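These are the residues of each chain, in order.
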Amino acid sequence: MYRFLLTPRWWGINLFVVLAIPFCVFMGTWQLGRFEDRVQSHEQAEKAPDPSTRAAKPLDELLPVDKVTSGRPATATGTYADQFLVPGRKLDDRQGFYVLNMLRTDSGKALPVVRGWLPGSASDAKVPAAPKGEVTVTGDLQASENTHSDGVDVRGGLPGGQIGMISAATLVNLVPYDVYDAWVTLPEPEAGGTGGAMKPVPAAAPEGSGLDLKAFQNLGYTGEWFVFAAFVLFMWFRLVRREAEAERDIALGLVPQEPAPGSEDAPEDSSSPDYDAASTPVR
């Protein structure tokens, strides 16, 4: 009854099923592994001590920024230069903007320093002036932002002196000197200066260390791949059952089997030159 499975048509169907199911299982397992990695990173981040409570180290010793060094206090010495405003940033559920200054160090590179946050619009805002002369800053280290970072504005068209993303790739096109691929946020208002009116910007958790939307997307994709594998197997069984029932009905004579072309039972073709319309009985 199941000899039809060896026909060329069913060989193609069987090959598709044999390849599709392992592929779906592999992709589902891979997505599940991604979700488990994010859960593990989240648990490790919760058990680890707050990076901001650890001893400050020179900036160069903490680069490049990774999950271990992100949030660690870093120190750098230099003089403040260009200033930029970063609009569209929320703090305590209020809309505002960051005040960012480039700290030019003795190495020739500049470190982006977020001195604080102010409420309102960045356009025509009165911003506290940065301290003059050589200063030593200690701020929580952060990796350069990307298009997936919270608050980033990738639309462009911002007024002069404003940027939508705190990134070395963005800033290097706006200043005539090299920029560190990192930035720091001051954990406290600048002592004794006009910067005291600004609120400190808390350091963000390293990307990929929390149970964010991406983690649950991985879990959702896991379910989708396994469901698709089950659907492929279900459809294969359904097709096999339908074909087997059709073969059984033909064998029992419940459904007349169509005669093969050229057999005696096959009707004559009217287009054949041997076909005689006059000899065909009229009913």
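Above: the structure in question.
Below you will find a few notes about this structure. Here the residue numbering is sequential within each chain, running from 1 through the sequence in written order. With the structure being a predicted model, the display of local features is reserved for residues of pLDDT at least 70 and the display and counting of side-chain atom pairs for 80 or more, all residues being used for whole-chain, interface and lining totals. Values shown for side chains rest on all heavy atoms present in the structure; no hydrogens or waters enter the calculation.

**Concerning the pattern of salt bridges**
Okay, so step 1: Just to be clear on terms, a salt bridge is a Lys or Arg side-chain nitrogen sitting within 4 Å of an Asp or Glu carboxyl oxygen. As enumerated under the stated definition, the model contains 4 salt bridges in all.
Okay, so step 2: The partner of glutamate 243 in a salt bridge is arginine 9, with the nearest N and O atoms 3.3 Å apart. Highlighted residues: glutamate 243 in helix H4 (residues 213–251) and arginine 9 in helix H1 (residues 8–47), separated in sequence by 234 residues.
Okay, so step 3: Between lysine 199 and aspartate 92 there is a salt bridge; the shortest N-O distance is 3.9 Å. Placement of the pair is lysine 199 in the loop between strand S6 (183–185) and H4 and aspartate 92 in the loop between strand S2 (73–91) and strand S3 (94–105), with a sequence separation of 107 residues. Strands here are runs of E lasting at least two residues and helices are runs of H or I lasting at least four, both read from the DSSP assignment and numbered beginning at the N terminus.

**Concerning the pairing of S3**
Okay, so step 1: Burial analysis of S3 places 9 of its 12 residues in the buried class, the great majority of the element.
Okay, so step 2: The sheet contact formed by S2 and S3 spans 11 bridges and is antiparallel. Looking at S3, one finds that phenylalanine 84 is bridged to leucine 100.
Okay, so step 3: Strands are treated as partners if at least two bridges between them are detected by DSSP. Bridging between S3 and strand S4 (residues 110–119) involves 9 bridges; their strand directions are antiparallel. Partly exposed describes any residue whose relative accessible area lies between the buried limit of under 20% and the exposed limit of over 50%, with all areas from a 1.4 Å probe on protein chains only and scaled to the type maximum.

**Some words on the environment of proline 189**
Okay, so step 1: Examined against the element boundaries, proline 189 turns out to sit in the loop between S6 and H4.
Okay, so step 2: Exposure remark for proline 189: the relative accessible area of 39% places this residue in the partly exposed category.
Okay, so step 3: With 74 residues separating them along the chain, proline 189 and arginine 115 place their C-alpha atoms 7.5 Å apart.

**Concerning the environment of tryptophan 30**
Okay, so step 1: Here tryptophan 30 shows up in helix H1.
Okay, so step 2: For tryptophan 30, a relative accessible area of 44% corresponds to the partly exposed category.
Okay, so step 3: With 191 residues separating them in the primary sequence, tryptophan 30 and tyrosine 221 have C-alpha atoms 9.7 Å apart.

**Considering the side chain of arginine 115**
Okay, so step 1: Along the chain, arginine 115 falls in strand S4.
Okay, so step 2: Note on arginine 115: relative accessible area 1%, which makes it buried.
Okay, so step 3: Any pair of N or O atoms that falls within 3.5 Å is considered a polar contact. Within protein, one atom must be able to donate a hydrogen and the other to accept it, and sequence-neighbouring residues count only if both atoms are side-chain atoms. A polar contact is formed between the side chain of arginine 115 and the side chain of glutamine 83, at a distance of 3.2 Å.

**A short note on the environment of tryptophan 225**
Okay, so step 1: Mapping tryptophan 225 onto the fold places it in helix H4.
Okay, so step 2: Tryptophan 225 sits in the partly exposed class, given a relative accessible area of 26%.
Okay, so step 3: In this analysis, two residues are considered to be in contact whenever any of their non-hydrogen atoms come within 4.5 Å of each other. With residues up to four places along the chain from it excluded, the contact list for tryptophan 225 reads Phe23, Cys24, Met27, Gly28 and Gln31.

**Quick notes on the nonpolar core**
Okay, so step 1: Note on terminology: a nonpolar core comprises buried Ala, Val, Leu, Ile, Met, Phe, Trp, Tyr and Cys residues joined through side-chain atoms within 4.5 Å. Core analysis: the largest hydrophobic core is formed by 18 residues, its most contacted members being Phe84, Tyr98, Leu100, Met102, Val114 and Ile166.
Okay, so step 2: The set of elements that each furnish at least two residues to this core consists of S2, S3, S4 and helix H3 (168–171).
Okay, so step 3: Among residues more than four places away in sequence, those in contact with tyrosine 98 are Phe84, Leu85, Val86, Arg89, Val114, Gly116, Trp117, Ile166 and Val201.
Okay, so step 4: Val135, Leu141, Tyr180 and Val184 belong to the second largest nonpolar core, which has 17 residues in total.

**Side note on the packing of aromatic side chains**
Okay, so step 1: Pairing of aromatic side chains here covers Phe, Tyr and the six-membered ring of Trp, requires ring centres within 6.5 Å, and sorts the geometry by plane angle: under 30 degrees stacked, over 60 edge-to-face, intermediate tilted. Enumeration according to the criterion identifies 3 aromatic pairs in this entry.
Okay, so step 2: A ring pair is formed by phenylalanine 35 and phenylalanine 216, whose centres lie 6.3 Å apart and whose planes are at 55°; its orientation type is tilted. Residue phenylalanine 35 is located in helix H1, and its partner phenylalanine 216 is located in helix H4; the two are separated by 181 residues in the primary sequence.
Okay, so step 3: Here phenylalanine 35 falls in the buried class, since its relative accessible area comes to 16%.
Okay, so step 4: Residue phenylalanine 216 is classed as partly exposed on the basis of its relative accessible area, which comes to 47%.
Okay, so step 5: Taken together, a centroid distance of 5.1 Å and an interplanar angle of 75° make the contact between tryptophan 236 and phenylalanine 237 edge-to-face.

**Looking at the side chain of threonine 105**
Okay, so step 1: Along the chain, threonine 105 falls in strand S3.
Okay, so step 2: Apart from the residues within four sequence positions on either side, threonine 105 is in contact with Thr77, Gly78 and Tyr180.

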